[in-house]
Amino acid sequence: MGTVLSKDGTEIAYSRTGSGPALVVVDGAMCHRGFGPSAGIAKALAGHFTVHTYDRRGRGGSGGGTERDVRKEVEDLAAVVEAAGGSAHLFGMSSGGTLVVEAAHRGVAARRIAVYESPMTLDGTRAPMDPDLPARVDRAVAEGRPGDAVKLFLRYVGMPGPMVALFPLLPAWKKIKAVGHTLPNDFAIVGEFQHGVPPAADRWKGADVPALVIAGGKSPEYLRNAQRHLAEALPQGELTVLPGQTHLVKAAVTAPVLVDFFTR
């Protein structure tokens, strides 16, 4: 475990395990090294790579949190890549996948990138995001109501209302609420891709590295369609669909696909 300073001086906490080529794993919304799939992914890949996991700003052991600035998140990832040796493979899950693509597009030294279901709504198979939602989340955070910000997020991603109401009773609620203040960062990363229309064809032209986009075969149609679009839009993109999988990343299923791609 260690820390690295991002460009703006924010301390970013990271861990390293395994041996082999450097690989940085990037979490999605509300996840970090102590909560979410990255630990399992790192363990499954440690026999092939030197795996770096880190807490995105405002989460776990990292500083910062509510800047709502994609550039800063890219700089955080760049700092971890520098600590990993100056270049690395990148794997991002959900909004972390969107961040990985954006980082490669902006010049972070990525050898290869892989994305697990970037959460985009690019066609009419799902209603676009309420344009007021990011502001409502921002307001909840600013007013010291991170739990309400989490509930707004959960409703948006499709959790039924009764389940959202019961969520605070679950053991995981304390950990989730503790990072609710970072949700504005995730909306900053994915917000432009939530309006039911595809971005410009050259939106990610800077991410000109081998890229694998992964979709779950049982995920909603809008997510599967979005991954297909992303794979086609990336200069060296390819798509793979994991039969029977959903938006929840399972290390035992995902890791072999990543090993195959990153070791080509």
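What you see is a predicted model; the values in this text were computed from it and never measured.

Visitor: Sorry, what's going on with the UniProt feature "domain: AB hydrolase-1" (unreviewed entry) in the protein chain here?
Guide: As annotated in UniProt, the feature "domain: AB hydrolase-1" (unreviewed entry) corresponds to residues 35-248 in the numbering used here. Across residues 35-248 one finds 41% helix and 14% strand; the C-alpha atoms that close the span lie 13 Å apart.

Visitor: When you look at unusual backbone geometry in this model, what are you seeing that I'm missing?
Guide: With the exception of glycine, most residues fall at negative phi, and the peptide bonds are largely trans. Although it is not a glycine, R68 adopts a positive phi angle of roughly 50°. Along the polypeptide, R68 turns up in the loop between β4 (50-54) and α2 (70-83). For R68, a relative accessible area of 33% puts it in the partly exposed group. Backbone geometry at E117 places phi at a positive 50°, although glycine is not the residue there. Inspection of the secondary structure assignment puts E117 in the loop between β6 (110-116) and α4 (133-142).

Visitor: I keep staring at the sheet that holds β6 and nothing clicks. Help me out?
Guide: Spatially, 8 strands are ordered β1-β2-β4-β3-β5-β6-β7-β8 in an open sheet, and the strand pairing comes out mixed. Each edge of the sheet is formed by a strand with only one pairing partner; in this case those strands are β1 (2-5) and β8 (237-242). Put simply, the sheet's adjacent strands are angled 25° from each other on average, direction ignored.

Visitor: Can you walk me through the pattern of salt bridges in this structure?
Guide: When charged atoms on two side chains of opposite charge get close, those side chains can pair. In total, this model carries 18 salt bridges according to the counting rule given. Residues E75 and R71 are paired through a salt bridge, measuring 3.2 Å at the closest nitrogen-oxygen approach. Pair noted here: E75 and R71 are both in helix α2, with a separation of 4 residues, about one helical turn. For E75, a relative accessible area of 13% gives the class buried. When its relative accessible area of 41% is taken as the criterion, R71 is described as partly exposed. Across the pair E102 and R106 runs a salt bridge, and its minimum N-O distance is 2.7 Å. Take E102: its relative accessible area is 6%, and that puts it in the buried class. Assessed through its relative accessible area of 45%, R106 is described here as partly exposed.

Rules used in this analysis
- Residues numbered from 1 in each chain as written.
- Predicted model: local features only at pLDDT ≥ 70, side-chain atom pairs only at ≥ 80, totals over all residues.
- Heavy atoms only, no water.
- UniProt positions renumbered as here; feature names shortened; annotations may be inferred.
- Helix = DSSP H or I, 4+ residues; strand = E, 2+ residues; numbered from the N terminus.
- Buried < 20%, exposed > 50% of the residue type's maximum accessible area, 1.4 Å probe, protein only.
- Pairing = 2+ DSSP bridges.
- Axes fitted to C-alpha atoms, helices over the stretch in contact; angles between N-to-C directions.
- Salt bridge = Lys/Arg side-chain N within 4 Å of Asp/Glu carboxyl O.

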